[in-house]
Amino acid sequence: MRKVISGIYYEDQYPGLTLGLIETGAGLLLIDAPPRVEDGREWLITLTELGKPEYLALLDSHPDRTLGARIFDLRRIAQEETLQIIDGWSDTFKGGANPIGGESDQFKRISGVRKSTPEISFTNQLELFLGSRVVQFWHQPGPTRGAMWVVLPKEKVVFIGDTVCLNEPPYLGEADLEAWLESLDVLRAEDMQGFRRLSGRDGRIKRDDVHAMARFLRKIQVRLERLTSVENREAAAEKIARELLKDFAVGSPRAELALQRLKSGLMNLYSRRYPDDD
């Protein structure tokens, strides 16, 4: 576990996901959950020395960060759109049915998925007073329509989920590219200067990483336009995915997974943006 400042940490030892932890006078606030049950239980054991977990914030509806939440008997917090998405899922999840290049793809069959449904939700912003901490939850769509940030204004720390992905490409299938770019503008705004930014995949990130993410998303906008003029869209999407993958330093063991993530994301995003072309 890595310390950000006193009482605020992130954990990057679990595959594909970076977790967050905030100590408060009202118990521990956890940010996201490991997708594997055994990792979730290990995470909870690790936290016993720091206090009792009371809250779990889910930064969006991606299965990598939500499926594991079903074993956490905590008050779960999410943006309203995320709640609606999870609430609409089947109670059984099969990762191979619709692979998206996530850690969750390898799960053959998981039951009890609906136990991950949040109990606390909000539309635009939520503020909780937890002991001496003021913790804010901001709706910042982009990676999904229900993506949110956890913001500590006094401590100047913000957990941003998949808003910025540094080492591997994000899943694009549920994205709103224009809203995503607006969220990046918020992250670069003057009143966010001096904040420590924690990515949900990569831990600490810099301002230059935010710029790089914006450039990547603008590339996606252009590449999607290209797909409108080709006949073999799937082959074209794979070619584009291979080109885009060069923007990331993905190691060979995970390259195929990242390629699958980009390809499936592009195809799903295209189908949503251009439904009449299907």
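Throughout what follows, the structure given in this document is the object of discussion. (Residues numbered from 1 in each chain as written. Predicted model: local features only at pLDDT ≥ 70, side-chain atom pairs only at ≥ 80, totals over all residues. Heavy atoms only, no water.)

Concerning the pairing of strand β1 (residues 2–5)
With three bridges connecting them, β1 and strand β2 (residues 8–11) associate as antiparallel partners. When the sheet's bridge partners are listed, Arg2 is paired in β2 with Tyr10. Two successive antiparallel strands, β1 and β2, enclose a turn made up of two residues, where Gly7 displays a positive phi of approximately 85°. (Pairing = 2+ DSSP bridges. Helix = DSSP H or I, 4+ residues; strand = E, 2+ residues; numbered from the N terminus.)

Notes on the sheet that holds strand β15 (residues 203–205)
Spatially, six strands are ordered β10-β11-β12-β13-β14-β15 in an open sheet, and the strand pairing comes out mixed. A strand with exactly one partner marks an edge of an open sheet, and here the two such strands are β10 (125–130) and β15. The sheet shows a mean angle of 25° between the axes of neighbouring strands, taken without regard to direction. Here strand β11 (residues 133–139) pairs with strand β12 (residues 148–152) via four bridges, running antiparallel. Bridge pairing in β12 places Phe137 opposite Val150. In this fold helix α4 (residues 177–188) packs onto β11, β12, β13 (157–161) and β14 (196–199), with an angle of close to 10° to the strand it touches most, β12. (Axes fitted to C-alpha atoms, helices over the stretch in contact; angles between N-to-C directions. Contact = heavy atoms within 4.5 Å.)

Section: the sheet that holds strand β3 (residues 19–24)
With mixed pairing, seven strands are arranged side by side in an open sheet as β1-β2-β3-β4-β5-β6-β9. In this open sheet, the two strands that pair with only one neighbour each are β1 and β9 (120–122). Each strand axis lies, on average, 25° off the axis of its neighbour in the sheet, ignoring direction. Here strand β5 (residues 53–57) pairs with strand β6 (residues 75–79) via three bridges, running parallel. Residue Tyr55 lies in a different strand from β6, and its bridge partner there is Arg75. Against the sheet, helix α3 (residues 80–87) engages β6 and β9, with an angle of about 110° to β6.

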